[in-house]
Amino acid sequence: MIRVEDLTYKVGNRKLVDGLSFEAHSGEMLAILGANGAGKSTLMKLLCREIRPSAGKVFIKGKELMNYRLEDLAKTRAVLSQHNTISVSFVVDELVMMGRYPHFDQKPASNDFSVVRRVMQDTGISHLSGRDYNTLSGGEQQRVQLARVIAQVYDSPNACLLLDEPTNGLDIQFQQQIMVLARKLADRGYCVICILHDINYASRFADRILMLKNGKKVAEGMPIDVINCDNIHETFSIKVKLMACEDYNCPLVIPATSVS
Ligand SMILES: Nc1ncnc2c1ncn2[C@@H]1O[C@H](COP(=O)(O)OP(=O)(O)OP(=O)(O)O)[C@@H](O)[C@H]1O
């Protein structure tokens, strides 16, 4: 679905993304983990064509990213960026409807309204209908943005969802709700690539994890194979202990640093 070949992004002499190669498939959630400044958001910007690589290529469904027409790309992948400030005033429903812009010319069709209604339900924001986006809390805004992103590719279940810290600013209930939703979207056939800071969420919900440090791959594989003390130390420079997770085949991580 997405194939990344020897991708590099340089600013001056510094490589923010350094020779990365990996794949992410339809029906799969790939979590990207890494310390602050590891290059995760830069990678995401390369995957969504916000910036051009210095070297290497990204292919979506076998076609090179740079060769897509923008209108086709908009129906092939949707992106939740990290910062979504909006200077003008929008009602929540209008903002979610923006996700449908690639699908209609002048006026939304009944299907567009129905998609907006359904994604608002799925993301738990129906009660925010009619509210001014700028008056919402950070967590509410995050869920509205996610609804917009899902609306964009709602009727293309083999599309790609690129999510940069989708749980950012959410309380634990909504973190879980968003991760469950992302998981269900992957199960429906979407290719979900998701930057996360919480190793345990990655372990619990992702099919595979890509760990980055200084723009390079530290490890890639199933949570059970890559979540280990060595990889976490290499990636985050911290010591942790692992616990088995009752009922789930995924390790849990707790800090092992002494507090005394
Ligand atoms: N345009 C740029 N010019 C110079 N340096 C940049 C540029 N964009 C990003 N960087 C630097 O590249 C590094 C990687 O940035 P990036 O935003 O990709 O990290 P990240 O892994 O997403 O971090 P975080 O977890 O803090 O969001 C950082 O040190 C950042 O300061």
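Remember, it's a predicted structure, so these values are computed and weren't measured experimentally. (Residues numbered from 1 in each chain as written. Predicted model: local features only at pLDDT ≥ 70, side-chain atom pairs only at ≥ 80, totals over all residues. Heavy atoms only, no water.)

Novice: Is there a simple way to think about the overall build of the chain in this case?
Specialist: Scanning the chain for helices and strands turns up nine helices and twelve strands. The C-alpha atoms of the chain give 19 Å as radius of gyration, which agrees with the globular expectation for 260 residues (18 Å, within 12%). When its C-alpha atoms are laid out on the principal axes, the chain stretches across 55 × 40 × 35 Å. Evaluated residue by residue, the chain yields a buried proportion of 50% over its 260 residues. In the chain, the share of contacts with a sequence separation of at least 24, taken over all contacts with a separation of at least 6, comes to 64%. The centroid of the 31 positive side-chain charges in the chain is displaced by 4 Å from the centroid of its 29 negative side-chain charges. (Helix = DSSP H or I, 4+ residues; strand = E, 2+ residues; numbered from the N terminus. Rg over C-alpha atoms; globule rule 2.2 N^0.38 Å. Buried < 20%, exposed > 50% of the residue type's maximum accessible area, 1.4 Å probe, protein only. Contact = heavy atoms within 4.5 Å. Lys, Arg positive; Asp, Glu negative; His and termini not counted. Charge placed at Lys NZ, Arg CZ, Asp CG, Glu CD.)

Novice: Would you take a moment to explain the site of the ligand for this structure?
Specialist: The environment of the ligand is formed by 14 residues, the closest being G37, G39, K40, S41 and T42. Here an oxygen atom of the ligand and a backbone polar atom of G37 are 2.8 Å apart. For the ligand, whose accessible area on its own is 640 Å², the fraction buried by protein is 61%. Those elements giving two or more residues to the shell around the ligand turn out to be β2 (14–24) and α1 (40–47). (Near = heavy atom within 4 Å. Polar contact = N/O pair within 3.5 Å; in protein donor to acceptor, adjacent residues only side chain to side chain. Areas by Shrake-Rupley, 256 points an atom, 1.4 Å probe, with all protein chains shown as cover.)

Novice: For this particular structure, what's the right way to read the nonpolar core?
Specialist: The tendency in soluble globular proteins is for nonpolar side chains to be buried as a group. Counting 55 residues, the largest nonpolar core has L33, V96, V144, L161, L163, V192 and I209 as its most contacted members. When residues of this core are assigned to their parent elements, the largest contribution, seven residues, is made by helix α6 (residues 172–188). The contact partners of I209, leaving out residues within four places of it in the chain, are L30, A31, L33, A202, S203, A219, E220, G221, P223, V226 and I227. With 31 residues, the next largest nonpolar core counts V4, V17, L20 and A24 among its residues. (Core = buried A, V, L, I, M, F, W, Y, C linked by side-chain atoms within 4.5 Å.)

Novice: Looking at this structure, I do not really get the packing of aromatic side chains. What am I missing?
Specialist: Note on aromatic pairs: each is described by the distance of the centres and the angle between the planes. In total, this model carries two aromatic pairs according to the counting rule given. The interplanar angle of 85° and the centroid separation of 5.8 Å between the aromatic rings of Y101 and F104 together place this pair among those described as edge-to-face. (Phe/Tyr/Trp six-rings, centres within 6.5 Å; stacked < 30°, edge-to-face > 60°.)

Novice: Whenever I open this one, the side chain of S156 confuses me. Can you help?
Specialist: Its place among the elements puts S156 in the loop between α5 (138–152) and β7 (160–164). The buried category is assigned to S156, whose relative accessible area is 15%. If we ignore the near neighbours within four places in the chain, the residues touching S156 are K75 and Y190.

Novice: What am I meant to see in the sheet that holds strand β8 (residues 191–195) here?
Specialist: Adjacent strands of a sheet pair through backbone hydrogen bonds, lying either parallel or antiparallel. The strand order across the open sheet formed by six strands is β6-β7-β8-β3-β9-β10, and the pairing between neighbours is mixed. Of all the strands in the sheet, the pair left with one neighbour each is β6 (77–80) and β10 (216–221). Pairs of neighbouring strands in the sheet enclose a mean axial angle of 15°, with direction left out of account. Across five bridges, the pairing between β7 and β8 is parallel. Note that in β8 the partner of L163 across the bridge is C194. (Pairing = 2+ DSSP bridges. Axes fitted to C-alpha atoms, helices over the stretch in contact; angles between N-to-C directions.)

Read these as layout, nothing more, since geometry by itself doesn't imply function.
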